[in-house]
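Chain by chain, the residues run as shown.
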Amino acid sequence: MNVIEINQLTKYYGKHRGIENVSFSVEEGEIFGFIGPNGAGKSTTIRALLALIHPTSGSATIFGKDCLKYGSEIRRDIGYLPSEVFYYEHMKVREVLNYSASFYDNVDYNRIQSLAEVMDLDLNKRIDDLSYGNKKKVGIIQGLLHEPKLIILDEPTGGLDPLMQQKFFELIRAENQKGATVLFSSHILSEVQKLCGRVAIIKDGTIVRVENIRDMQKHNYKKFTLDYKGIIDVHHFNLEGVTNLTVRENTLHFLFKGDINRIVERLQGQNLLNLLVEEPSLEEIFMHYYQKEELP
Amino acid sequence: MNIFKKEMKANIKSLIIWCCAQVFIIFAGMMKYQGFADSQVDVNALFDAFPKEIMVVFGMGSVDITKVAGFYSVFFLYFMLLAAVHAVMFGAVVISKEERDHCADFIYTKPVRRVQVIWPKLLAGVVNILIFNMVTFAASVFFIAQHNDGNGLIDKVSLTMLALFILQLFFLALGTLFGSILKNTKRATAAASGLVMGFFILSVVVDLYDQLAFLKVLTPFKYFEGAHLMINDQLSFNSAAILLIVSLIFFGLTFVAFNRRDLTT
């Protein structure tokens, strides 16, 4: 069963494009990644799902019900963490969370306490005294306190230190194992790869493709940067799997997909000052996707 | 109920300040009355010497201010102004504050329809203006009684407060409409206070120039006259009906506009 089904969803803000003909679906029980650079339309899509904005055309359903028509009913079972978390500033953390809980039936108030302990958050502080990361924790707790069946996370990890990110991922995995479906939006590929089974990739308001993470890892691109001592023989790396080859002064850049040993072989006997192997940025991967699409 | 409580709590401080200001105005105003009454000067003759324009701007166009009811009727103009600013600001802010404070994502992703958020906010607004009205009533009766041998003119003041409440409702509705239509709180409050100012200037202009009297219908400040209420014990039914109907329409439009609104983060 599909928990989320988005059908040709389009949103224009006046003349500005938000998203165009976005379609994808999220199955029950999966952790679905939604990835794209900033401004690509991730938040617009999510805000339309939550009926915070009205789509220009197209539709979306959650739990099989129309997002706009049955919004309030659907939202009973949704936990949402916005990308930028702000709360009524003059309130205490506990007050905000209790206020949040007051909108749901049968909330277990002990859960607030236990989630706060896991996330290491002081419930007695005032919201205005919290750091960005701690506000984010408040957001995480208010998104999870009613044990939602669908968790929507919009760039959730910003401001969290690595340890907290780890705890947060564990929390999300645990909820997922209890049966919650997760829509996880991010512009960081590695965190999506860590958590998600499938991803939709969005760029400039349109879905580029929907893929299994396993398939994506098959196109496991590595970004190579080679600093040479002397003159560079560009043709030396002219082999299958190498793309985006550029030379700038004594530095050679390229992306490589395939058996890494082939590159290691080629590196033998090269007169190098430095060698850097990195994960390519999302932009670079996207550039590649586009190049592929343009091919006949 | 939780939203209503939250709004009441959020507004309690400002309501107390507004009420204190109102009580002080009534207190200070009635002190002046005592000054008039004690001095042996013929105050009416004195004011007759003033240019009409000045008397009109201060709301003392045509009443005998040596009588306590006449003197108090002049207050009505100031009550209207204060109450209008209070109500219109409350309305404009209460509707749009979540977006201003960037917590629209918080409340509107809860399992409530937008109507269910707006209702308690409106209710909180009505309760706030009602408290403001009751405080005005109590302070008026108390201070009038002090300068009128213990007679607080409860009937006359009640009628005046009823008129005031209808105006408050109108301005609350106007404020919520601005809050739901305009892009943000800043614009809503700016437009709302600008319009209140415009209404006031118009009400002065129509008093000054008789040939412009037909413009009276355009400013709510001319729908009720302090003197009619306090001296003739008359509240214009037509005025009340028009203001209430327009208020209802504004409230209705608020719901419609807010439902269609794209909420910003």
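Refer to the preceding data block for the structure.
Given the structure is predicted, the values throughout are model-derived calculations rather than measurements.

Conventions adopted
Residues numbered from 1 in each chain as written. Chains lettered and ligands numbered in written order. Predicted model: local features only at pLDDT ≥ 70, side-chain atom pairs only at ≥ 80, totals over all residues. Heavy atoms only, no water. Helix = DSSP H or I, 4+ residues; strand = E, 2+ residues; numbered from the N terminus. Buried < 20%, exposed > 50% of the residue type's maximum accessible area, 1.4 Å probe, protein only. Contact = heavy atoms within 4.5 Å. Areas by Shrake-Rupley, 256 points an atom, 1.4 Å probe, with all protein chains shown as cover. Lys, Arg positive; Asp, Glu negative; His and termini not counted. Charge placed at Lys NZ, Arg CZ, Asp CG, Glu CD. Phe/Tyr/Trp six-rings, centres within 6.5 Å; stacked < 30°, edge-to-face > 60°. Lys NZ or Arg CZ within 6 Å of the ring centre and 35° of its normal. Pairing = 2+ DSSP bridges. Axes fitted to C-alpha atoms, helices over the stretch in contact; angles between N-to-C directions. Core = buried A, V, L, I, M, F, W, Y, C linked by side-chain atoms within 4.5 Å. Salt bridge = Lys/Arg side-chain N within 4 Å of Asp/Glu carboxyl O. Polar contact = N/O pair within 3.5 Å; in protein donor to acceptor, adjacent residues only side chain to side chain. Buried area = accessible area lost by both parts, 1.4 Å probe. Parallel < 35°, antiparallel > 145°, perpendicular 65-115°, else oblique. Left-handed = near helix turned anticlockwise from the far one by under 90°. Nonpolar A, V, L, I, M, F, W, Y, C, P; charged D, E, K, R; others polar.

Novice: Sorry, what's going on with the overall build of chain B here?
Specialist: Helix and strand content of chain B: 10 helices and 0 strands. Taken from N to C terminus, the helices and strands of chain B fall in the order α-α-α-α-α-α-α-α-α-α. Expressed as a percentage of the 265 residues in chain B, the buried residues total 49%. Considering only residue pairs separated by 6 or more positions, chain B has 74% of its internal contacts joining residues 24 or more positions apart. If you sum the accessible surface of chain B, you get close to 12,300 Å²; carbon and sulfur atoms cover 69% of it. Side-chain charges in chain B split into 21 positive and 17 negative, and the spacing between the mean points of these groups amounts to 15 Å.

Novice: In this structure, what is going on with the overall build of chain A? I would like to understand it.
Specialist: Each helix and strand counted, chain A has 10 helices and 14 strands in total. A principal-axis box enclosing the C-alpha atoms of chain A has dimensions of 70 × 40 × 35 Å. Relative to its 296 residues, chain A shows a buried fraction of 49%. Taking contacts inside chain A between residues at least 6 apart in sequence as the whole, the part at least 24 apart equals 68%. Of the accessible surface of chain A, which amounts to about 14,200 Å², a share of 46% is contributed by carbon and sulfur atoms. In chain A, the 35 positive side-chain charges and the 40 negative ones have mean positions that sit 1 Å from each other.

Novice: Hey, could you run me through the packing of aromatic side chains in this one?
Specialist: Counted by the stated rule, this structure contains 25 aromatic pairs over all chains. A ring pair is formed by Phe168(A) and Phe169(A), whose centres lie 6.0 Å apart and whose planes are at 40°; its orientation type is tilted. The same class applies to Phe168(A) as to Phe169(A), namely buried. Seen from their ring centres, Phe24(B) and Phe27(B) are 6.3 Å apart, and the 50° between their planes marks the pair as tilted. Remark: Phe27(B) and Phe24(B) occur in helix H1 (residues 2-38); sequence separation between them is 3 residues, near one turn of the helix. Using a relative accessible area of 54% as the deciding quantity, one classes Phe24(B) as exposed. Three or more aromatic residues joined by ring pairs form one cluster here, namely Phe170(B), Phe171(B), Phe199(B), Phe200(B), Phe221(B) and Phe250(B). Taking the ring centre of Phe106(B) as reference, the NZ or CZ of Lys110(B) above it sits at 4.3 Å.

Novice: Explain the sheet that holds strand S2 (residues 16-27) of chain A to me, please; I cannot follow it from the model alone.
Specialist: Paired through backbone hydrogen bonds, the strands of a sheet run either parallel or antiparallel to each other. Residue and element names in this part refer to chain A. The 4 strands lie next to each other as S2-S1-S4-S5, forming an open sheet whose pairing is antiparallel. Every interior strand has two partners, whereas the edge strands, S2 and strand S5 (65-66), have only one. Relative to S5, strand S4 (residues 57-62) is paired through 2 bridges, and the arrangement is antiparallel. If you follow Ile62 over to S5, its bridge partner there is Lys65. Running at roughly 115° to strand S1 (residues 2-13), helix H1 (residues 42-49) makes contact with S1, S2 and S4 of the sheet.

Novice: Looking at this model, I keep getting lost on the nonpolar core. Mind explaining?
Specialist: Nonpolar side chains in soluble globular proteins generally cluster together in the buried interior. If you look at the biggest cluster of nonpolar residues, it comprises 152 residues, and the most contacted ones within it are Leu183(A), Met30(B), Phe171(B) and Phe224(B). For this core, the leading source of residues is helix H4 (residues 68-100) of chain B, giving 18 residues. Once residues lying within four places of it in the same chain are set aside, the contact partners of Leu183(A) are Ile4(A), Phe24(A), Val26(A), Phe32(A), Phe34(A), Ile46(A), Leu49(A), Ile151(A), Ile152(A) and Leu153(A). With 12 residues, the next largest nonpolar core counts Leu226(A), Ile232(A), Val242(A) and Ile263(A) among its residues.

Novice: I keep staring at the side chain of Lys110(B) and nothing clicks. Help me out?
Specialist: Position of Lys110(B) relative to the elements: it lies in the loop between helix H5 (104-107) and helix H6 (114-147). Of the buried charged residues, Lys110(B) lacks a salt bridge, with Asp105(B) as the closest side chain of opposite charge at 10 Å. A polar contact of 3.3 Å, which involves the side chain of Lys110(B), links it to the side chain of Ser100(A). Polar side-chain contacts of Lys110(B) include one of 2.9 Å to the side chain of Gln142(A). Dropping the residues within four chain positions of it, Lys110(B) is found in contact with Arg75(A), Ser100(A), Phe103(A), Tyr104(A) and Gln142(A).

Novice: Just to check I follow, could you spell out unusual backbone geometry for this structure?
Specialist: One can expect most non-glycine residues to show negative phi and most peptide bonds to be in trans. Residue and element names in this part refer to chain A. One non-glycine residue, Asn106, adopts positive backbone phi at about 50°. Position of Asn106 among the secondary structure elements: in the loop between helix H3 (93-101) and helix H4 (109-119). Judged by relative accessible area, Asn106 falls into the exposed class, the value being 79%.

Novice: Hey, could you run me through the interface of chain B and chain A in this one?
Specialist: How big an interface is tends to be reported as the loss of accessible area on association of its parts. The interface is formed by 26 residues belonging to chain B together with 25 residues belonging to chain A. Summed over both sides, the interface between chain B and chain A buries roughly 2,300 Å², with carbon and sulfur atoms accounting for 58% of that surface. On the chain B side of the contact with chain A, Lys6(B), Phe106(B) and Pro111(B) bury the most area, a combined 28% of that side's loss. Connecting chain B to chain A are 3 salt bridges.

Novice: Please clarify how the pattern of salt bridges should be interpreted in this entry.
Specialist: Once the charged atoms of two side chains with opposite charge are near each other, the side chains can pair. Residue and element names in this part refer to chain A. In this structure the tally under the stated criterion is 20 salt bridges over all chains. As a salt-bridge pair, Glu155 and Lys42 come within 3.3 Å of each other at their nearest N and O atoms. One end of the pair, Glu155, is in the loop between strand S7 (150-154) and helix H6 (162-177); the other, Lys42, is in helix H1, with 113 residues separating them in the sequence. One salt-bridge network, in which partners are shared between bridges, spans Arg111, Glu147, Glu175 and Lys178.

Novice: For this particular structure, what's the right way to read the packing of H4(B) against helix H8 (residues 185-208) of chain B?
Specialist: Describing two packed helices takes the angle between their axes plus the distance from one axis to the other. Residue and element names in this part refer to chain B. Following both chains from N to C, one finds H4 and H8 inclined at 165°, their axes separated by 8 Å at the closest point. Here H8 runs roughly antiparallel to H4, going by the angle between their axes. H8 is crossed by H4, and the crossing has right-handed handedness. Only Thr185, Ala188, Thr189, Ala192, Ser193, Val196 and Phe200 of H8 make contact with H4, whose side of the interface consists of Leu77, Leu81, Ala84, Val85, Val88, Met89, Ala92, Val93, Ser96, Lys97 and Arg100. Across the contact of H4 with H8, the residue classes tally to 12 nonpolar, 4 polar and 2 charged.

Structural measurements only, silent on function.
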